[in-house]
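Residues per chain are reported as follows:
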Amino acid sequence: MAGIRWPPPLGLMMMTLLCCWLMVSGIPTTLEGPFEPVTVPLDTSFRGNAVDLPDSDPRVKRTVTGWMPEQVMVSLSDEHSSVWISWITGEYQIGYKIKPLDPRRVASVVQYGEEKSSLRREARGHSLIYSQLYPFEGLQNYTSGIIHHVRLTGLRPNTRYYYRCGDPSRRSMTEIYDFKTMPASDPRSYPGRIAIVGDLGLTYNMTSTISHMESNKPDLVLVVGDLTYANLYLTDGTGADCYSCAFPQSPIHETYQPRWDYWGRFMQHLASKVPMMVVEGNHELEEQHGNRTFQSYSARFAFPSQESGSSSTFYYSFNAGGIHFLMLGAYIDYNKTSDQYKWLEKDLAKVDREVTPWLVAAWHPPWYSTYKAHYREAECMRVAMEELLYKNSVDVVFNGHVHAYERSNRVYNYSLDPCGPVHIVVGDGGNREKMAIPHADDPNKCPDPLSTPDAYMGGFCAFNFTSGPAAGKFCWDRQPDYSAFRETSFGHGIFEVKNETHALWTWHRNQDMYNAVGDQIYIVREPEKCPIRPKVSYQTHTS
């Protein structure tokens, strides 16, 4: 069925047969919803406390010498015809007296081709370093190795390319890696499997998440924020599960930047062959001297920002076959007068649903999560942006932040709506912070509204509900109708678009066998029922 586009009237007959097959397969579809809310009881044998990999673990140690590249990664540009290759050369420095490396000392070169034995094409890019500096005595400063980003262009769709990167003049080229380009933007072409994961860190549970994810052979990986959790450490390498609890006297929220290098080394075996796209989370904030933030996140990854018309690493878009992805920033201005909002309006206006029928959005903090942790924390972002996404018929939203799994019914403005997106929270990647267990609707677990806004995001928009079963209250007294399924477990998800209207979503738990399913549903688009709407005035239910 994948990649099939049937002409009418054959299309109608085949879609009818498809729906019949789905009913026989036993996998539910959103057409059968909304579903009665389900909460899977907490498995008390589940290892919810995660432990970080130490710097002595061979998977995070530096194994190259001199100017040989490490932390090699592939990421996408805005279309199939281009990708980015990134890597690091040279050693980072950490201490009280550091001297940044000169990026001009090493070239940024990628040799590539469609045959492993003939890498005849060559591309050159740019390089940079970043530093994490603290204006307080006793705190160690950090400066990175040389970070390289090279864009390959003129690539064919659905094609395997072989490459090596480095500086040939220094005889410091990597072994040969390979990657496969995305399908062309077309309603009949889709990547096979897209892995969605969030809030990873670098723990033993995270290694289980990555192992399970790799067993599903993804063609693309989306990480929806909170990558390394380097900010759970002091600059001397002392870490804790709760930074504010362990280090309340710290003059600034410190980080231990080598954890970024450890993470890049661990991820290289996957990221060097499968494109990986990331968006910032709160743990990437990493404040330093001069009130600078998000320096490591913005420097270490290549983003198709310029290609997609964005001026920021916080938000951008790209196509993967017949899917248009919106990667949005929750930790940069998102109000209707902001650059991000104006960019989003322009980007959505350019989307042709005849070419890319599926519209998928991702950012870090969820709008629809029923756990006590981070409950309604991103309410101001929802108030600012939800109408725009709704009137453009966004199909699915992926988030992290809450360390659990949850899938919504189709919802808009806290009301069940057959044309609203399905919101999926996958902040269960395995980091060392505690799992989210209590729900806001559990007895005596509803948080104080004044405690819910994120200090960095700012604003207060989470008022009591004004209608529905929770009218006059800040929390429901039962699992909300818009919450279809929730469970506290580590895991990851796989998103498989089958054709213009059907996509299979599967959530896998770490504690299960590799082919086991924790949650599964076909998400079905109904473009005739839910067309793109003209702009209308927005009135929140202050839900």
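Preceding this paragraph is the structure being described.
Quick caveat, the model's predicted, so the values are computed rather than measured.

About the thresholds
- Residues numbered from 1 in each chain as written.
- Predicted model: local features only at pLDDT ≥ 70, side-chain atom pairs only at ≥ 80, totals over all residues.
- Heavy atoms only, no water.
- Patch = residues over 30% accessible without salt bridge, like charges linked within 9 Å, V, L, I, M, F, W, Y side chains within 5 Å.
- Areas by Shrake-Rupley, 256 points an atom, 1.4 Å probe, with all protein chains shown as cover.
- Salt bridge = Lys/Arg side-chain N within 4 Å of Asp/Glu carboxyl O.
- Buried < 20%, exposed > 50% of the residue type's maximum accessible area, 1.4 Å probe, protein only.
- Pairing = 2+ DSSP bridges.
- Helix = DSSP H or I, 4+ residues; strand = E, 2+ residues; numbered from the N terminus.
- Axes fitted to C-alpha atoms, helices over the stretch in contact; angles between N-to-C directions.
- Contact = heavy atoms within 4.5 Å.
- Polar contact = N/O pair within 3.5 Å; in protein donor to acceptor, adjacent residues only side chain to side chain.
- Parallel < 35°, antiparallel > 145°, perpendicular 65-115°, else oblique.
- Nonpolar A, V, L, I, M, F, W, Y, C, P; charged D, E, K, R; others polar.
- Disulfide = S-S within 2.5 Å.
- Left-handed = near helix turned anticlockwise from the far one by under 90°.
- Right-handed = clockwise from strand over helix to strand, strands pointing away.

Q: How would you summarise a nonpolar patch on the surface if you had to cite specific residues and measurements?
A: Taken together, the side chains of Leu-450, Phe-460 and Phe-463 present a nonpolar region at the surface, about 320 Å² in accessible area. The class for Leu-450 is exposed, based on a relative accessible area of 68%.

Q: Which residues make up the sheet that holds strand E15 (residues 220-223), and what values do they have?
A: Adjacent strands of a sheet pair through backbone hydrogen bonds, lying either parallel or antiparallel. Within the open sheet, the 6 strands sit side by side as E16-E15-E14-E26-E27-E28. Their pairing is mixed. Looking at the sheet topology across the chains shown, the edges are occupied by strand E16 (276-278) and strand E28 (519-524). Neighbour-to-neighbour, the strand axes of the sheet open up by a mean angle of 20°, direction not taken into account. Inspection of the sheet shows strand E14 (residues 194-197) paired to E15 by 4 bridges, in the parallel sense. Opposite Ile-196, over in E15, you have Leu-222 as the bridge partner. The strands touched by helix H2 (residues 204-215) are E14, E15, strand E26 (491-497) and strand E27 (502-509); relative to E26, the strand with the most contacts, the crossing angle is about 25°.

Q: I'd like a rundown of the side chain of Thr-501, residues and numbers included.
A: In this fold, Thr-501 is placed in the loop between E26 and E27. Since its relative accessible area comes to 16%, Thr-501 is described here as buried. Side-chain polar atoms of Thr-501 contact the side chain of His-502, separated by 2.7 Å.

Q: Mind laying out the packing of helix H6 (residues 339-350) against helix H7 (residues 379-391), listing which residues take part and the relevant values?
A: Packing of H6 against H7 brings their axes to within 11 Å, and their N-to-C directions diverge by 5°. As the angle between them shows, H6 and H7 are arranged roughly parallel. Across the interface between the two elements, Gln-340, Tyr-341, Leu-344, Glu-345 and Leu-348 from H6 touch Ala-384, Met-385, Leu-388 and Leu-389 from H7. Among the residues forming the contact of H6 with H7, the class breakdown is 7 nonpolar, 1 polar and 1 charged.

Q: Describe in detail the state of the cysteines, supporting the description with residues and values.
A: A complete count under the given rule lists 4 disulfides for this structure. Residue Cys-242 pairs covalently with Cys-245 via a disulfide, S to S 2.2 Å. Where Cys-242 bonds to Cys-245 through sulfur, the torsion about that S-S bond is close to 65°, and the disulfide is right-handed. The residue that forms a disulfide with Cys-446 is Cys-475, at a sulfur-sulfur distance of 2.0 Å. Residues Cys-446 and Cys-475 share a disulfide whose torsion about the S-S bond is about 80°; that sign makes it right-handed. Pair noted here: Cys-446 is in the loop between strand E24 (422-426) and strand E25 (483-487) and Cys-475 is in the loop between E24 and E25, with a separation of 29 residues, a long-range link. Given a relative accessible area of 5%, Cys-475 falls into the buried group. The connectivity of the disulfide-linked cysteines in the protein, indexed sequentially, is 1-2, 3-6, 4-8, 5-7.

Q: An account of the sheet that holds strand E7 (residues 126-128) is needed here, citing residue identities and associated values.
A: Strand order in this open sheet of 4 strands is E2-E3-E10-E7, and the pairing throughout is antiparallel. Each edge of the sheet is formed by a strand with only one pairing partner; in this case those strands are strand E2 (70-76) and E7. For this sheet, the mean angle separating the axes of adjacent strands, direction not counted, is 20°. Of the strand pairs in this sheet, E7 and strand E10 (residues 146-152) are connected by 3 bridges, and their pairing is antiparallel. By the bridge assignment, Leu-128 is partnered in E10 with Ile-147. Each of E2 and strand E3 (83-89) touches helix H4 (residues 258-271); the most contacted strand, E2, lies at about 60° to it.

Q: Outline the packing of H2 against H4, listing residues and values.
A: At their nearest, the axes of H2 and H4 sit 11 Å apart, and the two run at 15° to each other. Classed by the angle they form, the pair H2 and H4 counts as roughly parallel. Crossing of H2 against H4: the hand is right-handed. Contacts between H2 and H4 involve Met-206, Thr-207, Ile-210, Met-213 and Glu-214 from the first element and Trp-263, Phe-266, Met-267, His-269 and Leu-270 from the second. Its residues assigned to classes, the contact of H2 with H4 comprises 7 nonpolar, 2 polar and 1 charged.

Q: Outline the pairing of E15, supporting the account with residue identities and numerical values.
A: Taken residue by residue, a regular strand's side chains alternate between the two faces of the sheet. Neither face of E15 is open: one carries Leu-220 and Leu-222, the other Val-221 and Val-223, and all of them are buried. Taken together, E14, H2 and E15 constitute a β-α-β crossover, and its handedness is right-handed. In this sheet, E16 lies alongside E15 in parallel orientation, the contact comprising 3 bridges. Looking across to E16, one finds that Val-221 is bridged to Met-276.

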